[in-house]
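Working through the structure, step by step
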Amino acid sequence: MLTLFPEMFSGYLGQGHLKRAIDAGLVQIELANLRDFGLGRHRQVDDRPYGGGPGMVLMAPVVVECVEAVQSLAQRPAHVVLLTPRGQRLDQKVVEGLAGRERLLLLCGRYEGFDERVRKILQPEEISIGDFVLNGGEVAAMVVIDAVIRLVPGVLGDEDSSRQDSFSGQERRLEHDQYTRPREYRGLSVPEVLLSGDHEAIARWRHEEGLARTKRERSDLLGQNQTEPPPAAPYFD
Ligand code: ADE
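Keep in mind the model is a prediction, meaning the values are calculated, not measured.

In terms of helices and strands, the protein chain carries seven helices and nine strands. Here the protein chain, with 237 residues, has 38% of them falling under the buried criterion. Taking all contacts inside the protein chain whose residues are at least 6 apart in sequence as the whole, residues at least 24 apart take part in 72%. Working note: accessible area of the protein chain is about 14800 Å², and carbon and sulfur atoms make up 50% of it.

Written as structure tokens, this is what we have:
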């Protein structure tokens, strides 16, 4: 992770599945501070845009040299990902592609964006988590890691649970409804079939419920109604 705010990751990395995966050596996460590659006495990382306009632009030498330093720490180069609203929209397919890589380098921007030469020199894969503008790429990078590590074997307690997730595998659809105790709550009871012990009937019910929910709420996920994603948000990284 390359960022100006490495401390933003500490709470996230210290919890739950991710902490357990790190402790077990299943994933390794290193944070590099772009500020360490800042220029001059003040470790400057950004400057005003040529041609005028609001905000500050991250300087190319700072970003490129930080990436090169991190790349040199391992024998094989990492796949470089730049988080930006200009990028390809993140979905489960993109997540699966990233999970297949041995090493990822996630580049988080701030301010109005990167000097365009960062893209020309590093040729990163550009990923957006949606058509809205965040204050920086850090939260987007956490979204990417969160989705990717679920696919690393051994990270989830139950190997099957990531394969059964919504959007995974061949079928893009929502998951069926889930219930746990109590059997009745505020007049609402658990569907009888789930209490029946009939595994075939339960599987059939879940399949149909998932499909019905998808038709009702996200029909765009189903083949016949596939819509083109809207164009990515303009401007800002
Ligand atoms: N940085 C700022 N906004 C972003 C977004 N929507 N996705 C990824 N990175 C971003």
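Okay, back to it.
The next subject is a nonpolar patch on the surface. A cluster of nonpolar residues, Met8, Phe132, Leu134, Val139 and Val143, forms a patch on the protein surface that exposes about 370 Å² of accessible area. Among the structural elements, Phe132 can be located in the loop between β7 (125–128) and α6 (138–149). When its relative accessible area of 43% is taken as the criterion, Phe132 is described as partly exposed.

Moving on to the pairing of strand β5 (residues 79–89). In terms of residue burial, β5 counts as a mostly covered element, since eight of its eleven residues are buried. Both β5 and strand β6 (residues 104–108) contribute to a ladder of five bridges, which runs parallel. Paired with Val80 across the bridge in β6 is Leu105. With helix α4 (residues 92–99) bridging β5 and the parallel β6, this β-α-β connection has right-handed handedness. When β5 meets β7, the two strands line up parallel, connected through five bridges. Counterpart to Leu82 in the pairing with β7 is Glu126.

The next subject is the site of the ligand. In the neighbourhood of the ligand, 14 residues make up the surrounding shell, with Thr84, Ile129, Gly130, Phe132 and Leu134 lying closest. Backbone polar atom of Thr84 to a nitrogen atom of the ligand: 3.2 Å apart, as the coordinates give it. Within the complex, the protein chains bury 100% of what would otherwise be the 260 Å² of accessible surface of the ligand. Every element with two or more residues in the shell around the ligand is listed here: β5 and β7. Broken down by class, the residue content of the shell around the ligand amounts to eight nonpolar, five polar and one charged.

What follows is about helix α7 (residues 199–217). For α7, built from 19 residues, the straight-helix expectation of 27 Å at 1.5 Å per residue is met to within 8% by its first-to-last C-alpha distance of 27 Å. Within the span of α7, buried status applies to Ala201, Ile202, Trp205, Gly210 and Thr214.

Moving on, we come to the packing of α4 against α6. Axis separation between α4 and α6 bottoms out at 9 Å; the angle between their running directions is 75°. Comparing the axis directions of α4 and α6 gives the class roughly perpendicular. Facing α4, whose interface residues are Val95, Leu98 and Ala99, α6 presents Val144, Ala147 and Val148. Of the residues in the contact of α4 with α6, the class split is six nonpolar, no polar and no charged.

For α4, every residue scored as buried is listed here: Val94, Val95 and Leu98. All buried residues of α4 fall inside an arc of 100° around its axis, so they share one side. Taken together, the buried residues of α4 touch β5, β6, β7 and α6.

Note that Val62 resides in helix α3 (residues 60–71). Overall, Val62 belongs to the buried group, its relative accessible area being 1%. Residues Val62 and Arg43 lie 19 residues apart in sequence; the distance between their C-alpha atoms is 9.4 Å. Those residues in contact with Val62 that sit more than four places away from it in its chain are Leu34, Phe37, Gly38, Leu39, Gln44 and Val45.

It is worth spelling out the pattern of salt bridges at this point. This structure, assessed with the given rule, holds eleven salt bridges. The shortest N-O distance in the salt bridge between Asp23 and Lys19 comes to 2.7 Å. Here Asp23 pairs with Lys19, and both are found in helix α2 (residues 16–23), just four residues apart, close to one helical turn. Exposure remark for Asp23: the relative accessible area of 55% places this residue in the exposed category. Judged by relative accessible area, which is 36%, Lys19 ranks as partly exposed. Arg117 serves as the salt-bridge partner of Asp115, at 2.6 Å between the closest nitrogen and oxygen. Assessed through its relative accessible area of 46%, Arg117 is described here as partly exposed. The network of salt bridges with shared partners includes Arg86, Glu116, Arg119 and Glu126.

What counts, and at which threshold
- Residues numbered from 1 in each chain as written.
- Predicted model: local features only at pLDDT ≥ 70, side-chain atom pairs only at ≥ 80, totals over all residues.
- Heavy atoms only, no water.
- Helix = DSSP H or I, 4+ residues; strand = E, 2+ residues; numbered from the N terminus.
- Buried < 20%, exposed > 50% of the residue type's maximum accessible area, 1.4 Å probe, protein only.
- Contact = heavy atoms within 4.5 Å.
- Areas by Shrake-Rupley, 256 points an atom, 1.4 Å probe, with all protein chains shown as cover.
- Patch = residues over 30% accessible without salt bridge, like charges linked within 9 Å, V, L, I, M, F, W, Y side chains within 5 Å.
- Salt bridge = Lys/Arg side-chain N within 4 Å of Asp/Glu carboxyl O.
- Pairing = 2+ DSSP bridges.
- Right-handed = clockwise from strand over helix to strand, strands pointing away.
- Near = heavy atom within 4 Å.
- Polar contact = N/O pair within 3.5 Å; in protein donor to acceptor, adjacent residues only side chain to side chain.
- Nonpolar A, V, L, I, M, F, W, Y, C, P; charged D, E, K, R; others polar.
- Expected span 1.5 Å × (residues − 1).
- Axes fitted to C-alpha atoms, helices over the stretch in contact; angles between N-to-C directions.
- Parallel < 35°, antiparallel > 145°, perpendicular 65-115°, else oblique.
- Arc of directions from axis to C-beta.

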